[in-house]
Amino acid sequence: MVRANGAVSLRELARVVQTSEVTVRRDVRALEAEGLLDRRHGGAVLPGGFSREPGYPQKTHLAAAEKSAIADLAAGLVEEGDAVVVGAGTTTQELARRLARVPGLTVVTNSLLVAQALAHANRVEVVMTGGTLRGSNYALVGSGAEQSLHGLRVSKAFISGSGLTAERGLSTTNMLSASVDRALVQSAAEVIVLADHTKLGADTMFQTVPTEAITRLVTDEHAAADDPTARELDALADCGVQIAVAPLGLPVEEPVHPPTPVAPRRSGPPSGGAPLPGQRRPGAHGGPPTRLAELGAPRVR
């Protein structure tokens, strides 16, 4: 499975082989000792995963339910009339499908997949960067893409990557992708990282966004359930990153938009990156997180 997908989560392995995660974790540790794979928080990758990137077909099947839940929660951060940038990735593609329902929205992107998801949204304007097509993830990269972003200013940037740690921030395996992602986030008042639990604790070759520049992280509930990734979340929160944890299998309430077009009502970004309803501010370290998921709402940190 790791050879086929490039990376796989322990939870998915346990489901496929019909055993416990404890057993899978022990077996993964043994395979790592033989040099057959590398362990990551919540999963495993092929050896040399520090620079290797799975292709798009493999990425679409990895943590699919988690990416969907993250996209549901992240879509609630976008308001009618907003202008945002959305980077390349399978999680951001899921977000774009939900943004198609937000009227008066302007989306700037270097991703063909994001643009395709919004192509038939009547009340969403899509602005694409220039650049050279990178076929492995259907993204535009290079100097043309970066130059087209100069002078741009939007309220929020939604971006993903290959790994996220409190020490180094968001990173990716490709130099050209990292450079364009940096240009995307420099244009935004808020930087929102979308990363499922398999990416927490992973550190890849090229830094995209340092931790201090990340406003908010949206991840899935498995990140808070596993000890290593939960510790990584606490470390990110201590660095000032607001943490929102999307529950799996629970619908996230979508913002209500009028059924007919109205004049765009622009709301600026929350002052100081205000937390979501029910969310504790970063730095409130110590004590277990409030279990809002038990009340039917997204659990947040």
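In case you missed it, the structure is sitting above this.
Keep in mind that what you see is a predicted model, and the values were worked out from it rather than measured. (Residues numbered from 1 in each chain as written. Predicted model: local features only at pLDDT ≥ 70, side-chain atom pairs only at ≥ 80, totals over all residues. Heavy atoms only, no water.)

## Remarks on the nonpolar core
Here's step 1: Formed by 32 residues in total, the largest nonpolar core has its most connected members in Leu-164, Val-193, Leu-200, Leu-217, Leu-233, Leu-236 and Ile-243.
Here's step 2: With four residues, helix α9 (residues 175-186) is the single largest residue contributor to this core.
Here's step 3: Counting residues in hydrophobic clusters, the runner-up holds 26 residues, among them Leu-77, Val-107, Val-114 and Leu-194. (Core = buried A, V, L, I, M, F, W, Y, C linked by side-chain atoms within 4.5 Å. Buried < 20%, exposed > 50% of the residue type's maximum accessible area, 1.4 Å probe, protein only. Helix = DSSP H or I, 4+ residues; strand = E, 2+ residues; numbered from the N terminus.)

## Let's talk about the pattern of salt bridges
Here's step 1: With the rule as written, the count across this model stands at seven salt bridges.
Here's step 2: Put simply, Arg-168 and Asp-203 hold a salt bridge, and the shortest N to O gap is 2.5 Å. With a gap of 35 residues between them, Arg-168 in the loop between β10 (163-165) and β11 (169-172) and Asp-203 in the loop between β12 (188-194) and β13 (206-209) connect regions that are remote in the sequence.
Here's step 3: Since its relative accessible area comes to 24%, Arg-168 is described here as partly exposed.
Here's step 4: Residues participating in the shared-partner salt-bridge network are Asp-72, Glu-94, Arg-97 and Arg-98. (Salt bridge = Lys/Arg side-chain N within 4 Å of Asp/Glu carboxyl O.)

## Here we look at the environment of Thr-129
Here's step 1: Structurally, Thr-129 is set in the loop between β6 (124-128) and β7 (132-134).
Here's step 2: Residues Thr-129 and Ser-111, spaced 18 residues apart in sequence, show a C-alpha to C-alpha distance of 8.6 Å.

## Quick word on the sheet that holds strand β9 (residues 154-159)
Here's step 1: If you walk across this open sheet you meet the seven strands as β6-β5-β4-β9-β12-β14-β15, and the pairing is parallel. The open sheet has two edge strands, β6 and β15 (242-246), and neither has a second partner. Sheet twist, expressed as the mean angle between neighbouring strand axes with direction ignored, is 20°.
Here's step 2: Bridging between strand β14 (residues 216-220) and β15 involves five bridges; their strand directions are parallel. Counterpart to Asp-220 in the pairing with β15 is Ala-246. (Pairing = 2+ DSSP bridges. Axes fitted to C-alpha atoms, helices over the stretch in contact; angles between N-to-C directions.)

## What about unusual backbone geometry?
Here's step 1: Unlike most non-glycine residues, Gln-18 shows phi in positive territory, near 55°.
Here's step 2: As for its position among the elements, Gln-18 is in the loop between α2 (10-17) and α3 (21-33).
Here's step 3: Residue classification places Gln-18 among the exposed positions, given a relative accessible area of 72%.

## Examining the packing of helix α5 (residues 64-75) against helix α6 (residues 90-99)
Here's step 1: Between α5 and α6, whose axes approach to 8 Å, the crossing angle comes to 50°. The angle between the axes of α5 and α6 places the two elements in the oblique class. In the packing of α5 onto α6, the handedness of the crossing is right-handed. The residues of α6 that touch α5, namely those facing Lys-67, Ser-68, Ile-70, Ala-71, Asp-72, Ala-74 and Ala-75, are Thr-90, Thr-91, Glu-94, Leu-95, Arg-98 and Leu-99.
Here's step 2: When grouped by side-chain class, the residues that make up the contact of α5 with α6 number six nonpolar, three polar and four charged. (Parallel < 35°, antiparallel > 145°, perpendicular 65-115°, else oblique. Left-handed = near helix turned anticlockwise from the far one by under 90°. Contact = heavy atoms within 4.5 Å. Nonpolar A, V, L, I, M, F, W, Y, C, P; charged D, E, K, R; others polar.)

## Here we look at α6
Here's step 1: With respect to burial, α6 is a largely interior element, nine of its ten residues being buried.
Here's step 2: Within α6, burial applies to Thr-90, Thr-91, Thr-92, Gln-93, Glu-94, Leu-95, Ala-96, Arg-98 and Leu-99.

## A word on the side chain of Thr-92
Here's step 1: Summarising the element assignment, Thr-92 is placed in helix α6.
Here's step 2: When its relative accessible area of 0% is taken as the criterion, Thr-92 is described as buried.
Here's step 3: Non-local contacts of Thr-92, meaning those with residues more than four positions away in its chain, are made with Val-86, Gly-87, Val-114, Phe-158, Ile-159, Ser-160 and Leu-194.

## Re a nonpolar patch on the surface
Here's step 1: Among the surface-exposed residues, Leu-112, Met-128, Leu-133 and Tyr-138 lie close enough to one another that they form a single nonpolar patch of about 330 Å² accessible area.
Here's step 2: Tracing the sequence through the fold places Met-128 in strand β6. (Patch = residues over 30% accessible without salt bridge, like charges linked within 9 Å, V, L, I, M, F, W, Y side chains within 5 Å. Areas by Shrake-Rupley, 256 points an atom, 1.4 Å probe, with all protein chains shown as cover.)

## Quick word on the environment of Leu-112
Here's step 1: In this fold, Leu-112 is placed in helix α7 (residues 112-118).
Here's step 2: It is 10.0 Å that separates the C-alpha atoms of Leu-112 and Thr-129, two residues lying 17 residues apart in sequence.
Here's step 3: Among all residues touching Leu-112, those that are not within four sequence positions of it are Met-128, Leu-133 and Tyr-138.

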